[in-house]
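So the chains spell out like this:
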Amino acid sequence: MKKLLKLGIPKGSLQDATIALFKRSGWKINVNGRSYFPDINDEDIECALCRAQEMSINVESGVIDAGLTGKDWIAEHQSDVHVVSDLIYSKVSAKPARWVVAVAGDSPMNTLEDLQGKTISTELVQFTRRFFKERNIDVNVKFSWGATEAKIVSGLADAIVEITETESTIRAHNLKVIHEIMQTNTQLIANRAAWEIPAKREKIEQIALLLQSALVAGRLVGIKMNVPETVIEKIVSLLPSLNAPTVASLYKSTWFSVETIVDQSMVRDLIPVLIKEGAEGIIEYPLNKVL
Ligand SMILES: Nc1ncnc2c1ncn2[C@@H]1O[C@H](COP(=O)(O)OP(=O)(O)OP(=O)(O)O)[C@@H](O)[C@H]1O
Ligand SMILES: O=P(O)(O)OC[C@H]1O[C@H](OP(=O)(O)OP(=O)(O)O)[C@H](O)[C@@H]1O
Ligand SMILES: [Mg+2]
């Protein structure tokens, strides 16, 4: 039977992070062997694996109702799709990635203008051509099938336009970044006609809401502690929180239980301070969703 929503899952760099995010959001996606049609535990959704590079083309044409892909490839194709939600994650982190112009580390080229008349290798050909044309810099943009960083080292190109997330590939080839041309992150996009169908839109919005809440939850943790009455005001003043922390009295005691949600990056600095100020029995726990 035909399902309500055909959903594109990006095959490749974003695949594992996307399936993991769906799992945290309450959907199990199972990729079976060589099949490009994974199972999902939702009778309204039919999943299809699709390359990130062509997702927006298939969403625009309506072959797929909605899908996840990078902002970069939507821009490359100038696809006419409805952007439902920005989901800030990349291959290995919950951060955007960057498309940069890079040259050999010892190159005398340091600015975009220095690339006048030079050869640039990239997978993102159309976007790169438009970028340089808008700046009246005449360059020869050549399509790269991948391993693009190697093309500077082997002398096949003077510069590259390439995506970087951790910069390890740039460093491994002794390149230097001379310009950032775009930041990119994953986006949930929908076919414009599908978006106008209430039942489809409702399902897409449900997916957007839960993916977003699982992403936010991934950055936060809960902390809970016991605090004597004498230092309660001081401890509360130290706690950053989404809202005010919850403070409850401990049964037949002058102590309080204090609970709050904080950014996980600050926990390692916060906990020693809380202990020093008199908090005890501190526990930290992960969150599944924050709505
Ligand atoms: N670290 C990363 N490296 C490459 N692409 C990334 C990274 N993080 C996020 N992306 C996004 O993944 C999408 C490209 O993924 P895709 O798997 O299709 O290309 P790829 O990694 O070049 O694939 P492959 O090289 O295996 O053919 C883009 O939208 C890009 O923005
Ligand atoms: O900044 P980093 O964390 O090193 O990640 C960026 C690198 O990862 C991707 O390569 P991919 O594995 O897709 O190989 P490819 O160049 O052959 O496409 C991308 O094309 C960069 O080379
Ligand atoms: Mg690649």
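Residues numbered from 1 in each chain as written. Chains lettered and ligands numbered in written order. Predicted model: local features only at pLDDT ≥ 70, side-chain atom pairs only at ≥ 80, totals over all residues. Heavy atoms only, no water.

A. Inspection of the UniProt feature "domain: ATP phosphoribosyltransferase catalytic" (unreviewed entry) in the protein chain at higher detail. As annotated by UniProt and renumbered to match this structure, "domain: ATP phosphoribosyltransferase catalytic" (unreviewed entry) occupies residues 51–212. End C-alpha to end C-alpha, residues 51–212 measures 22 Å, and it is 34% helix and 30% strand. (UniProt positions renumbered as here; feature names shortened; annotations may be inferred. Helix = DSSP H or I, 4+ residues; strand = E, 2+ residues; numbered from the N terminus.)

B. Region of interest: the packing of helix H1 (residues 15–25) against helix H8 (residues 198–219). One way to put it is that H1 packs onto H8 with a least axis distance of 8 Å and a crossing angle of 95 degrees. When the axes of H1 and H8 are compared, the pair comes out roughly perpendicular. Taking contact as the criterion, the partners of Leu 21, Phe 22, Arg 24 and Ser 25 in H1 are, on H8, Ile 207, Leu 210, Leu 211, Ala 214 and Leu 215. (Axes fitted to C-alpha atoms, helices over the stretch in contact; angles between N-to-C directions. Parallel < 35°, antiparallel > 145°, perpendicular 65-115°, else oblique. Contact = heavy atoms within 4.5 Å.)

C. Representation of the nonpolar core. Of all hydrophobic cores here, the largest spans 27 residues; its most connected members are Leu 7, Ile 9, Phe 22, Leu 68 and Ile 207. Of all the secondary structure elements, the ones that give two or more residues to this core are strand E1 (5–11), H1, strand E4 (45–51), strand E5 (66–70), strand E12 (186–190) and H8. With 7 residues, H8 is the single largest residue contributor to this core. Excluding residues that lie within four positions of it along the chain, Ile 9 makes contacts with Thr 18, Ile 19, Phe 22, Ile 29, Cys 47, Ala 48, Leu 49, Cys 50, Met 55 and Leu 68. One finds Trp 99, Phe 132, Val 161 and Ile 181 within the second-largest nonpolar core, a separate group that totals 21 residues. (Core = buried A, V, L, I, M, F, W, Y, C linked by side-chain atoms within 4.5 Å. Buried < 20%, exposed > 50% of the residue type's maximum accessible area, 1.4 Å probe, protein only.)

D. Here's a closer look at H1. Among all positions of H1, only Gln 15, Thr 18, Ile 19, Leu 21, Phe 22 and Ser 25 are buried. Along the axis of H1, the buried positions cluster into a sector of 160 degrees, meaning they face one direction only. Of the exposed residues in H1, the ones pointing more than 90 degrees away from its buried face are Asp 16 and Lys 23. The inward-facing, buried residues of H1 contact E1, strand E2 (29–30), E4, E5 and H8. (Arc of directions from axis to C-beta.)

E. A look at the site of ligand 1. For ligand 1, the set of nearby residues contains 16 residues, the closest of which are Ser 13, Arg 51, Gln 53, Asp 72 and Glu 165. In the environment of ligand 1, an oxygen atom lies 2.4 Å from a nitrogen or oxygen atom belonging to the side chain of Ser 13. Note that an oxygen atom of ligand 1 is positioned 3.4 Å from one of the backbone N or O atoms of Gly 70. Contact with the protein chains hides 73% of the accessible area of ligand 1, taken as 600 Å² for the molecule alone. Of all the secondary structure elements, the ones that give two or more residues to the shell around ligand 1 are helix H2 (52–61) and helix H3 (71–77). Here the residues of the shell around ligand 1 sort into 4 nonpolar, 6 polar and 6 charged. (Near = heavy atom within 4 Å. Polar contact = N/O pair within 3.5 Å; in protein donor to acceptor, adjacent residues only side chain to side chain. Areas by Shrake-Rupley, 256 points an atom, 1.4 Å probe, with all protein chains shown as cover. Nonpolar A, V, L, I, M, F, W, Y, C, P; charged D, E, K, R; others polar.)

F. Summary view of unusual backbone geometry. Positive phi is not limited to glycine here, since Asn 136 has a value of about 55 degrees. As for its position among the elements, Asn 136 is in the loop between helix H4 (125–134) and strand E9 (140–143). With a phi angle near 70 degrees, Glu 167 is a residue other than glycine that sits in the positive phi range. In this structure, Glu 167 sits in the loop between strand E10 (159–164) and helix H6 (168–172).

G. Region of interest: the packing of aromatic side chains. Inspection of every chain in the model, using the stated rule, returns 3 aromatic pairs. Taking the centre distance of 5.3 Å and the plane angle of 80 degrees together, the rings of Phe 131 and Phe 132 count as edge-to-face. Ring centres 5.0 Å apart and planes at 80 degrees place the aromatic pair Phe 143 and Trp 145 in the edge-to-face group. Its relative accessible area of 79% is what places Trp 145 among the exposed residues. We note Arg 135 situated over the ring of Phe 131; from NZ or CZ to the ring centre the distance is 3.7 Å. (Phe/Tyr/Trp six-rings, centres within 6.5 Å; stacked < 30°, edge-to-face > 60°. Lys NZ or Arg CZ within 6 Å of the ring centre and 35° of its normal.)

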